[in-house]
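Listed below are the residues making up each chain.
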Amino acid sequence: MSRTTRKMSMIQFIDFELMLLRDYIDYVENYFSEKEKEIQNNFEELQSIPNDDPVREQLEDYHQSYFEVMQDNLIDDNFYNTEFTQRLRYSLIIQIQSFYEKYLT
């Protein structure tokens, strides 16, 4: 009788842990998706600035205009968002494999 109870509790534990992992994955993936939309919206707003706007004029002491600096920042944000999304996915594969090795063997 105790063996059945032990197996059942382990199955419940595994189900619970997998549910938490799914929730975590959904939460983080949603964050990255929202961040991507935010970057895209900011980029569209930046592109809508007219060519004769003072923001696009090159500053005297600097080699870039304020527009170019904002554009570079958005490019960096997009890079990091894409890179971190992939790294998160890689780490999740490792976490899932570790979980299986620990609790299912």
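As a convention, each chain's residues are numbered from 1 in the sequence order in which they are written. Predicted model: local features are reported for residues with pLDDT of at least 70 only, side-chain atom pairs are reported and counted for 80 or more only, and whole-chain, interface and lining totals are derived from all residues. Values shown for side chains rest on all heavy atoms present in the structure; no hydrogens or waters enter the calculation.

Visitor: Honestly, a negative patch on the surface in this entry has me stumped. Any pointers?
Guide: To count toward a patch, a residue needs a relative accessible area over 30% and no salt bridge; like charges are then connected within 9 Å, while nonpolar side chains (Val, Leu, Ile, Met, Phe, Trp, Tyr) are connected within 5 Å. Residue burial considers only the protein chains on display, and all accessible areas are found by Shrake-Rupley using a 1.4 Å probe. Put simply, a salt bridge is a Lys or Arg side-chain nitrogen that is within 4 Å of an Asp or Glu carboxyl oxygen. Only four residue types enter the tally: Lys and Arg on the positive side, Asp and Glu on the negative side, with His and both chain ends excluded. To locate a charge, the coordinates of NZ of Lys, CZ of Arg, CG of Asp or CD of Glu are taken. Where like charges cluster on the molecular surface, the negative patch consists of Glu68, Asp72, Asp76 and Asp77. Burial classes follow relative accessibility: with a 1.4 Å probe on protein chains only, a residue under 20% of its type's maximum area counts as buried, one over 50% as exposed, and anything between as partly exposed. The class for aspartate 77 is partly exposed, based on a relative accessible area of 36%.

Visitor: I would appreciate a short explanation of the pattern of salt bridges in the present structure.
Guide: Opposite charge on two side chains permits them to pair, given that their charged atoms come into close proximity. Considering all chains together, one arrives at four salt bridges under this definition. Between lysine 35 and glutamate 38 there is a salt bridge, with the nearest N and O atoms lying 3.7 Å from each other. Of this pair, lysine 35 and glutamate 38 are both found in helix H1 (residues 2-47), three residues apart, which corresponds to roughly one turn of the helix. Classification of lysine 35 by relative accessible area gives partly exposed; the value is 24%. For the purposes of this entry, the term helix denotes a DSSP run of H or I that reaches at least four residues, the term strand denotes a run of E that reaches at least two, and both are numbered from the N terminus.

Visitor: What is the right way to look at a nonpolar patch on the surface in this model?
Guide: Taken together, the side chains of Phe16, Met19 and Leu20 make up a nonpolar region of the molecular surface, amounting to roughly 250 Å² of accessible area. Assignment of secondary structure puts methionine 19 in helix H1.

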